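Below are the chains, spelled out letter by letter.
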Amino acid sequence: DDDDWRLMLAWLVGSLRSTGPYAVLAVNGEQGSAKSTTCRMLRGLIDPNQADLRAAPRDDRDLMIAAGNSWVIGLDNLSTISPALSDALCRLATGGGFATRELFTDDGERLFYAARPILFNGIEELATRPDLLERAIVLHLPSIPDNRRRTEAELWAHYRAARPRILGALLDAVAAALRNFDSVKLPNPPRMADFAQWVVAAESALPWQPGDFIR
(Lines give C-alpha, C1' and ligand atoms only; values in the text may rest on other atoms or scores of the structure.)
Protein backbone atom coordinates (compact mmCIF):
# COMPACT_ATOMS: atom_id res chain seq x y z
CA ASP A 1 0.00 0.00 0.00
CA ASP A 2 1.01 3.66 -0.18
CA ASP A 3 2.31 3.81 3.39
CA ASP A 4 4.57 0.78 2.94
CA TRP A 5 5.77 2.22 -0.38
CA ARG A 6 6.83 5.44 1.35
CA LEU A 7 8.60 3.52 4.10
CA MET A 8 10.44 1.34 1.60
CA LEU A 9 11.55 4.41 -0.35
CA ALA A 10 12.62 6.11 2.89
CA TRP A 11 14.86 3.14 3.71
CA LEU A 12 16.53 3.42 0.30
CA VAL A 13 17.13 7.15 0.65
CA GLY A 14 18.39 6.70 4.21
CA SER A 15 20.76 3.94 3.12
CA LEU A 16 22.47 6.33 0.70
CA ARG A 17 23.55 8.65 3.51
CA SER A 18 27.28 8.52 4.14
CA THR A 19 26.92 8.17 7.92
CA GLY A 20 24.51 6.35 10.22
CA PRO A 21 22.33 5.67 11.99
CA TYR A 22 20.51 3.54 9.45
CA ALA A 23 17.08 1.97 9.64
CA VAL A 24 16.73 -1.81 9.55
CA LEU A 25 14.32 -3.05 6.88
CA ALA A 26 12.34 -6.12 7.96
CA VAL A 27 10.35 -7.71 5.13
CA ASN A 28 7.63 -10.18 6.13
CA GLY A 29 5.17 -12.13 4.03
CA GLU A 30 3.67 -15.48 3.25
CA GLN A 31 5.36 -18.00 1.00
CA GLY A 32 5.16 -16.72 -2.56
CA SER A 33 5.10 -13.01 -1.74
CA ALA A 34 8.49 -12.32 -3.42
CA LYS A 35 10.32 -11.41 -0.22
CA SER A 36 13.74 -12.49 -1.45
CA THR A 37 13.26 -10.93 -4.87
CA THR A 38 12.16 -7.65 -3.31
CA CYS A 39 15.23 -7.57 -1.08
CA ARG A 40 17.55 -8.41 -3.98
CA MET A 41 16.08 -5.59 -6.05
CA LEU A 42 16.35 -3.07 -3.22
CA ARG A 43 19.93 -3.98 -2.49
CA GLY A 44 20.76 -3.99 -6.20
CA LEU A 45 19.80 -0.33 -6.42
CA ILE A 46 22.39 0.87 -3.90
CA ASP A 47 24.89 -1.93 -3.28
CA PRO A 48 25.02 -4.53 -6.09
CA ASN A 49 26.77 -7.67 -4.94
CA GLN A 50 27.10 -11.15 -6.38
CA ALA A 51 26.18 -12.57 -2.95
CA ASP A 52 23.30 -10.16 -2.47
CA LEU A 53 21.56 -12.12 0.30
CA ARG A 54 23.08 -14.57 2.74
CA ALA A 55 22.18 -16.72 5.72
CA ALA A 56 22.32 -15.37 9.25
CA PRO A 57 25.92 -14.92 10.48
CA ARG A 58 27.20 -17.42 13.02
CA ASP A 59 28.53 -14.74 15.37
CA ASP A 60 29.52 -11.08 15.72
CA ARG A 61 32.83 -11.68 13.97
CA ASP A 62 31.16 -13.02 10.82
CA LEU A 63 28.72 -10.11 10.85
CA MET A 64 31.52 -7.57 11.06
CA ILE A 65 33.52 -9.27 8.31
CA ALA A 66 30.43 -9.00 6.11
CA ALA A 67 30.10 -5.32 7.07
CA GLY A 68 33.72 -4.76 6.13
CA ASN A 69 33.09 -6.12 2.63
CA SER A 70 29.64 -4.70 1.89
CA TRP A 71 27.66 -1.51 2.31
CA VAL A 72 24.31 -3.24 2.82
CA ILE A 73 23.89 -6.34 4.98
CA GLY A 74 21.20 -8.56 3.43
CA LEU A 75 19.94 -11.65 5.26
CA ASP A 76 17.58 -14.06 3.55
CA ASN A 77 14.79 -16.36 4.67
CA LEU A 78 15.34 -16.11 8.42
CA SER A 79 13.14 -18.25 10.65
CA THR A 80 14.11 -16.47 13.86
CA ILE A 81 16.51 -13.84 15.19
CA SER A 82 18.33 -14.79 18.35
CA PRO A 83 18.75 -12.23 21.14
CA ALA A 84 22.48 -12.08 20.39
CA LEU A 85 21.94 -11.43 16.68
CA SER A 86 19.23 -8.87 17.46
CA ASP A 87 21.65 -6.96 19.69
CA ALA A 88 24.40 -7.14 17.07
CA LEU A 89 22.10 -5.82 14.33
CA CYS A 90 21.08 -2.93 16.58
CA ARG A 91 24.70 -1.97 17.16
CA LEU A 92 25.52 -2.26 13.47
CA ALA A 93 22.54 -0.13 12.38
CA THR A 94 23.35 2.75 14.71
CA GLY A 95 27.12 2.34 14.72
CA GLY A 96 29.05 0.32 17.22
CA GLY A 97 32.28 -1.44 17.98
CA PHE A 98 32.93 -5.15 18.18
CA ALA A 99 35.95 -6.87 19.67
CA THR A 100 36.96 -10.45 18.92
CA ARG A 101 40.01 -12.55 19.67
CA GLU A 102 42.56 -12.73 16.90
CA LEU A 103 42.74 -16.16 15.33
CA PHE A 104 45.60 -18.36 16.54
CA THR A 105 46.36 -16.10 19.53
CA ASP A 106 45.58 -16.24 23.23
CA ASP A 107 45.50 -12.52 24.02
CA GLY A 108 45.40 -10.69 20.69
CA GLU A 109 42.26 -8.66 20.02
CA ARG A 110 40.76 -7.40 16.76
CA LEU A 111 38.51 -4.34 16.92
CA PHE A 112 35.83 -3.54 14.36
CA TYR A 113 33.66 -0.44 14.06
CA ALA A 114 30.94 0.04 11.49
CA ALA A 115 27.46 1.38 10.80
CA ARG A 116 25.56 -0.22 7.92
CA PRO A 117 22.08 -0.36 6.37
CA ILE A 118 20.48 -3.76 7.00
CA LEU A 119 17.61 -5.66 5.42
CA PHE A 120 16.29 -9.13 6.11
CA ASN A 121 13.25 -11.19 5.26
CA GLY A 122 11.25 -14.11 6.59
CA ILE A 123 7.76 -15.52 6.84
CA GLU A 124 7.41 -14.78 10.54
CA GLU A 125 7.56 -11.34 12.12
CA LEU A 126 11.23 -11.29 13.02
CA ALA A 127 11.77 -7.87 14.60
CA THR A 128 10.09 -8.58 17.94
CA ARG A 129 12.58 -7.36 20.54
CA PRO A 130 11.85 -3.71 21.42
CA ASP A 131 15.35 -2.38 20.72
CA LEU A 132 15.41 -3.86 17.21
CA LEU A 133 11.78 -2.97 16.51
CA GLU A 134 12.43 0.68 17.38
CA ARG A 135 15.14 0.75 14.71
CA ALA A 136 13.11 -1.13 12.10
CA ILE A 137 10.88 -0.35 9.17
CA VAL A 138 8.57 -3.35 8.86
CA LEU A 139 7.00 -4.19 5.50
CA HIS A 140 4.28 -6.80 5.02
CA LEU A 141 4.19 -8.12 1.45
CA PRO A 142 0.91 -9.55 0.12
CA SER A 143 0.83 -12.87 -1.68
CA ILE A 144 1.01 -12.65 -5.47
CA PRO A 145 -2.03 -14.11 -7.23
CA ASP A 146 -1.26 -16.75 -9.83
CA ASN A 147 -2.67 -14.59 -12.63
CA ARG A 148 -0.14 -11.82 -11.84
CA ARG A 149 3.00 -13.92 -11.72
CA ARG A 150 5.77 -13.34 -14.27
CA THR A 151 8.86 -15.26 -15.26
CA GLU A 152 12.08 -14.27 -13.54
CA ALA A 153 13.70 -13.55 -16.90
CA GLU A 154 10.99 -11.05 -17.80
CA LEU A 155 10.93 -9.48 -14.34
CA TRP A 156 14.70 -8.96 -14.09
CA ALA A 157 14.89 -7.62 -17.64
CA HIS A 158 12.39 -4.89 -16.71
CA TYR A 159 14.28 -4.22 -13.48
CA ARG A 160 17.64 -3.83 -15.23
CA ALA A 161 16.09 -1.42 -17.73
CA ALA A 162 14.53 0.70 -14.98
CA ARG A 163 17.40 0.60 -12.47
CA PRO A 164 19.43 3.55 -13.84
CA ARG A 165 16.39 5.84 -13.76
CA ILE A 166 15.46 4.71 -10.25
CA LEU A 167 19.00 5.32 -9.02
CA GLY A 168 18.94 8.78 -10.60
CA ALA A 169 15.70 9.60 -8.78
CA LEU A 170 17.17 8.37 -5.49
CA LEU A 171 20.24 10.55 -6.00
CA ASP A 172 17.96 13.55 -6.63
CA ALA A 173 16.43 12.82 -3.21
CA VAL A 174 19.90 12.57 -1.65
CA ALA A 175 20.84 15.93 -3.18
CA ALA A 176 17.71 17.47 -1.64
CA ALA A 177 18.55 15.93 1.73
CA LEU A 178 22.09 17.33 1.62
CA ARG A 179 20.71 20.75 0.73
CA ASN A 180 17.96 20.84 3.38
CA PHE A 181 19.25 18.72 6.26
CA ASP A 182 20.58 21.51 8.50
CA SER A 183 17.35 23.51 8.17
CA VAL A 184 15.00 20.66 9.10
CA LYS A 185 13.66 20.76 12.66
CA LEU A 186 11.45 17.91 13.81
CA PRO A 187 9.01 19.08 16.51
CA ASN A 188 8.65 15.62 18.05
CA PRO A 189 11.65 13.58 16.89
CA PRO A 190 11.04 9.82 16.82
CA ARG A 191 13.60 7.18 17.71
CA MET A 192 16.26 7.18 14.96
CA ALA A 193 15.86 10.95 14.77
CA ASP A 194 18.87 11.49 12.47
CA PHE A 195 17.47 9.00 9.96
CA ALA A 196 14.05 10.67 10.15
CA GLN A 197 15.56 14.14 9.71
CA TRP A 198 17.46 12.95 6.62
CA VAL A 199 14.31 11.53 4.98
CA VAL A 200 12.26 14.64 5.80
CA ALA A 201 15.03 16.76 4.28
CA ALA A 202 14.68 14.73 1.06
CA GLU A 203 10.87 15.06 0.86
CA SER A 204 10.92 17.88 -1.68
CA ALA A 205 12.32 15.39 -4.23
CA LEU A 206 10.08 12.46 -3.23
CA PRO A 207 6.62 11.63 -4.62
CA TRP A 208 4.58 12.50 -1.54
CA GLN A 209 3.42 15.47 0.47
CA PRO A 210 5.54 17.04 3.24
CA GLY A 211 4.82 15.28 6.52
CA ASP A 212 3.75 11.96 4.98
CA PHE A 213 6.87 10.14 6.13
CA ILE A 214 6.61 11.16 9.79
CA ARG A 215 2.93 10.32 9.78
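Above this text sits the structure in question.
Treat the numbers as computed from the prediction; the structure is a model and nothing was measured. (Residues numbered from 1 in each chain as written. Predicted model: local features only at pLDDT ≥ 70, side-chain atom pairs only at ≥ 80, totals over all residues. Heavy atoms only, no water.)

Enquirer: Summarise the pairing of strand 1 (residues 24-29); cite the residues concerned and give the values.
Expert: When you tally the buried positions in strand 1, you get 6 out of 6 residues, the bulk of the element. Here strand 1 shows no split at all, with Val 24, Ala 26 and Asn 28 on one side and Leu 25, Val 27 and Gly 29 on the other all buried. Relative to strand 5 (residues 118-122), strand 1 runs parallel, the two sharing 5 bridges. Of the residues in strand 5, the one forming a bridge with Asn 28 is Gly 122. (Buried < 20%, exposed > 50% of the residue type's maximum accessible area, 1.4 Å probe, protein only. Helix = DSSP H or I, 4+ residues; strand = E, 2+ residues; numbered from the N terminus. Pairing = 2+ DSSP bridges.)

Enquirer: Break down the layout of surface pockets for me, citing the residues and quoting the values.
Expert: With a probe scaled to a water molecule rolled over the atoms, the places where space remains empty come into view. In this structure, the largest pocket spans a volume of roughly 1,300 Å³. Taken together, 35 residues form the lining of the largest pocket, with Met 8, Ala 34, Thr 38, Met 41 and Leu 155 sitting closest to its centre. Sorting the residues of the lining of the largest pocket by element identifies helix 1 (2-15), helix 2 (35-46), strand 6 (136-141) and helix 6 (152-180) as the ones contributing at least two each. Considering each element in turn, the lining of the largest pocket owes the most residues, 8 residues, to helix 6. For the lining of the largest pocket, the residue count by class is 22 nonpolar, 7 polar and 6 charged. In this structure, the second largest pocket spans a volume of roughly 390 Å³. Forming the walls of the second largest pocket are 19 residues, and the residues nearest its centre are Leu 7, Ile 137, Phe 195, Phe 213 and Ile 214. Mapped onto the lining of the second largest pocket, the elements with two or more residues apiece are helix 1, strand 6 and helix 7 (193-202). No other element matches helix 1, which puts 3 residues into the lining of the second largest pocket. (1 Å grid on protein atoms, 1.4 Å probe; cavity = no way out; pocket = protein on both sides within 12 Å on 5 of 7 lines; lining within 4 Å. Points joined across faces, edges and corners; volume = space filled by probe spheres on them. Nonpolar A, V, L, I, M, F, W, Y, C, P; charged D, E, K, R; others polar.)

Enquirer: An account of the sheet that holds strand 5 is requested, with residue identities and associated values reported.
Expert: Strand pairing in a sheet relies on backbone hydrogen bonds, with the paired strands running either antiparallel or parallel. With parallel pairing, 4 strands are arranged side by side in an open sheet as 2-5-1-6. Each edge of the open sheet is held by one strand with a lone partner, namely strand 2 (73-75) and strand 6. For this sheet the average axis-to-axis angle between neighbouring strands, irrespective of direction, equals 15 degrees. Of the strands in this sheet, strand 1, strand 2, strand 5 and strand 6 touch helix 2, which is tilted by about 165 degrees from strand 5. (Axes fitted to C-alpha atoms, helices over the stretch in contact; angles between N-to-C directions. Contact = heavy atoms within 4.5 Å.)

Enquirer: Hey, could you go over the packing of aromatic side chains for me, with residue numbers and the actual values?
Expert: Pairs of aromatic rings are described using the distance from one ring centre to the other and the angle between the two planes. In total, this model carries 4 aromatic pairs according to the counting rule given. Ring centres 5.1 Å apart and planes at 85 degrees place the aromatic pair Trp 156 and Tyr 159 in the edge-to-face group. Placement of the pair is Trp 156 and Tyr 159 together in helix 6, with a separation of 3 residues, close to one helical turn. On the basis of relative accessibility, which here comes to 18%, the residue Trp 156 falls in the buried class. Exposure remark for Tyr 159: the relative accessible area of 8% places this residue in the buried category. (Phe/Tyr/Trp six-rings, centres within 6.5 Å; stacked < 30°, edge-to-face > 60°.)

Enquirer: I'd like to hear about the packing of helix 2 against helix 6, residue by residue, with values.
Expert: Between two packed helices, what matters for the description is the angle formed by their axes and the separation of those axes. Running from amino to carboxyl end, helix 2 crosses helix 6 at an angle of 45 degrees, the nearest separation of the two axes being 9 Å. The pairing of helix 2 with helix 6 is recorded here as oblique in orientation. Handedness of the helix 2/helix 6 crossing: right-handed. Here Thr 37, Arg 40, Met 41, Gly 44, Leu 45 and Ile 46 of helix 2 come into contact with helix 6, specifically with Leu 155, Trp 156, Tyr 159, Arg 163, Ile 166, Leu 167 and Leu 170. Of the residues belonging to the contact of helix 2 with helix 6, the class tally is 9 nonpolar, 2 polar and 2 charged. (Parallel < 35°, antiparallel > 145°, perpendicular 65-115°, else oblique. Left-handed = near helix turned anticlockwise from the far one by under 90°.)

Enquirer: Give me the lowdown on the packing of helix 1 against helix 7, citing residues and values where you can.
Expert: Direction vectors running N to C along helix 1 and helix 7 enclose 105 degrees, while the axes themselves pass 9 Å from each other. The orientation of helix 1 with respect to helix 7, classified from their angle, is roughly perpendicular. Listed contacts from helix 7 to Ala 10, Trp 11, Val 13 and Gly 14 of helix 1 are Phe 195, Trp 198, Val 199 and Ala 202. When the residues that make up the contact of helix 1 with helix 7 are grouped by side-chain class, the tally is 7 nonpolar, 1 polar and no charged.

Enquirer: Account for the nonpolar core, naming residues and giving values.
Expert: Ranked by internal contacts, the top residues of the largest apolar core, which has 40 residues, are Trp 11, Leu 12, Leu 25, Phe 195 and Phe 213. No other element matches the 7 residues that helix 7 contributes to this core. Once residues within four sequence positions are removed from consideration, Leu 12 is found in contact with Leu 42, Leu 45, Ile 46 and Leu 170. Counting 25 residues, the second-largest nonpolar core is a separate cluster that includes Ala 67, Ile 73, Ala 127 and Leu 132. (Core = buried A, V, L, I, M, F, W, Y, C linked by side-chain atoms within 4.5 Å.)

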